[in-house]
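Spelled out from the first residue to the last, the chains are:
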Amino acid sequence: MSIRTVPFALGEYYHIYNRGNSKQKIFNSKEDYVHFIGLLYACNQKDNFKIDNLSKGDTLFDIDRNSPLVSIGAYCLMPNHFHLLITQGDDGNLSKFMQKLSTAYVMYYNKKYKRTGGLFEGKFKSQHLNTDQYLKYVFSYIHFNPIKLIDKEWIEKGIKNKNITLNYLKNYQYSSFLDYSGFKRVEEKILDRKSFPKYFPTEDVFWQEVFDWFNYNLPLGKT
């Protein structure tokens, strides 16, 4: 993955996403998802780290991090792509974080599957979330992305069965949906909510946002 030459603005919010070459899968097993999610935490620091240095039984979430490069507000992993909601502070570096994340995951993936070369479709993509409405919308867009896996046409035609869809989201382990909806798990360490507007100060407020989308049954649009 190439580093971008145009710097990201400090204190601004960005929707970051990328997918596999030719839309190929980048996550083939639960282990792949879990490893990438761990890297979201472990790579978010200025210093480098070595997975080989982990003690037996430890995970990437047991790494002692120094100053983070970015603040992550939401994320979602899909079979052939991922979405991140990111901002960077005065000492941060979004491009460096994405380079570390990509490099670490590609090294893991290529070693595991005995392959060489690139995995992702060129440089990561970014959208500047320059309005409050746009930023809040992307929280929902990212968290609702897994619905595509059970209903490919829901974006165009709306949600067919709200109960089935809601249960699916509540059981989807590879996004921050569970962290906002009240489930307690180690993956919550990835998020830095204080660096984002307090749209969802409580789980009840978050659930109300979900129900509002479901009740209006409006499509979120494509990215």
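Check the entry above for the structure.
Since the structure is predicted, the reported quantities are computational estimates derived from the model, not experimental observations.

## Thoughts on the overall build of the chain
And step 1. Within the chain, the regular secondary structure consists of seven helices and four strands.
And step 2. Reading the secondary structure of the chain in the N-to-C direction produces β-α-β-β-α-β-α-α-α-α-α.
And step 3. Its C-alpha atoms give the chain a radius of gyration of 17 Å, within 12% of the compact-globule value 17 Å for 223 residues.
And step 4. Across its three principal axes, the chain shows a C-alpha extent of roughly 50 × 40 × 35 Å.
And step 5. For the chain, the proportion of contacts with a sequence separation of at least 24, taken over those separated by at least 6, is 71%.

## Looking at the nonpolar core
And step 1. Membership of the largest hydrophobic core comes to 69 residues, with the highest contact counts inside it found for Leu84, Phe97 and Met98.
And step 2. A per-element tally of this core places helix H2 (residues 94-113) first, with nine residues.
And step 3. Apart from residues lying up to four places away in sequence, Phe97 is in contact with Leu40, Cys43, Asn44, Leu69, Val70, Ile72, Leu84 and Ile86.

## Observations concerning the pattern of salt bridges
And step 1. The final tally for this structure, using the stated rule, is 10 salt bridges.
And step 2. Between Lys112 and Glu31 there is a salt bridge; the shortest N-O distance is 2.7 Å. Placement of the pair is Lys112 in helix H2 and Glu31 in helix H1 (residues 30-42), with a sequence separation of 81 residues.
And step 3. Here Lys112 falls in the partly exposed class, since its relative accessible area comes to 28%.
And step 4. Between Glu187 and Arg185 there is a salt bridge, with its nearest N and O atoms 3.9 Å apart.
And step 5. Residue class for Glu187 comes out buried when judged on its relative accessible area of 19%.

## Quick word on the sheet that holds strand S1 (residues 13-19)
And step 1. Sheet architecture is open: four strands sit in the order S2-S3-S1-S4, paired in antiparallel fashion. In the strand order of this sheet, the two ends are held by strand S2 (71-78) and strand S4 (125-128), each with one partner. Strand-to-strand twist in this sheet, taken as the mean axis angle between neighbours without regard to direction, amounts to 15°.
And step 2. Where S2 meets strand S3 (residues 81-87), seven bridges bridge the pair, whose relative direction is antiparallel.

## A few points about the environment of Ile150
And step 1. In this structure, Ile150 sits in the loop between helix H3 (132-144) and helix H4 (154-157).
And step 2. According to the relative accessible area criterion, Ile150 is partly exposed, its value standing at 38%.
And step 3. Note: C-alpha distance between Ile150 and Leu119 (31 residues apart in sequence) is 25 Å.
And step 4. Among all residues touching Ile150, those that are not within four sequence positions of it are Thr165 and Tyr168.

## Considering the environment of Lys96
And step 1. Along the chain, the position of Lys96 falls in helix H2.
And step 2. The sequence separation of Lys96 and Gln45 amounts to 51 residues, and the corresponding C-alpha distance is 9.6 Å.
And step 3. Excluding its chain neighbours within four sequence positions, the residues that come into contact with Lys96 are Lys46 and Leu69.

## Here's the deal with the side chain of Asp151
And step 1. Tracing the backbone shows Asp151 in the loop between H3 and H4.
And step 2. Buried Asp151, no salt bridge; nearest opposite-charge side chain is Lys160, N-O distance 4.0 Å.
And step 3. Apart from residues lying up to four places away in sequence, Asp151 is in contact with Gly158 and Lys160.

## Examining the state of the cysteines
And step 1. Overall, the coordinates contain zero disulfides when judged by the stated rule.
And step 2. Cys43 forms no disulfide, and the closest cysteine sulfur to it belongs to Cys76, at a distance of 19 Å.
And step 3. Since its relative accessible area comes to 0%, Cys76 is described here as buried.

## Considerations on the side chain of Asn110
And step 1. Looking at where Asn110 falls in the secondary structure, it is placed in helix H2.
And step 2. There is a polar contact of 2.5 Å between the side chain of Asn110 and the side chain of Arg115.
And step 3. Look past the residues within four positions of Asn110 in its chain and what remains in contact with it is Arg115, Thr116 and Gly117.

Reading the values: rules and limits
Residues numbered from 1 in each chain as written. Predicted model: local features only at pLDDT ≥ 70, side-chain atom pairs only at ≥ 80, totals over all residues. Heavy atoms only, no water. Helix = DSSP H or I, 4+ residues; strand = E, 2+ residues; numbered from the N terminus. Rg over C-alpha atoms; globule rule 2.2 N^0.38 Å. Contact = heavy atoms within 4.5 Å. Core = buried A, V, L, I, M, F, W, Y, C linked by side-chain atoms within 4.5 Å. Buried < 20%, exposed > 50% of the residue type's maximum accessible area, 1.4 Å probe, protein only. Salt bridge = Lys/Arg side-chain N within 4 Å of Asp/Glu carboxyl O. Pairing = 2+ DSSP bridges. Axes fitted to C-alpha atoms, helices over the stretch in contact; angles between N-to-C directions. Lys, Arg positive; Asp, Glu negative; His and termini not counted. Disulfide = S-S within 2.5 Å. Polar contact = N/O pair within 3.5 Å; in protein donor to acceptor, adjacent residues only side chain to side chain.

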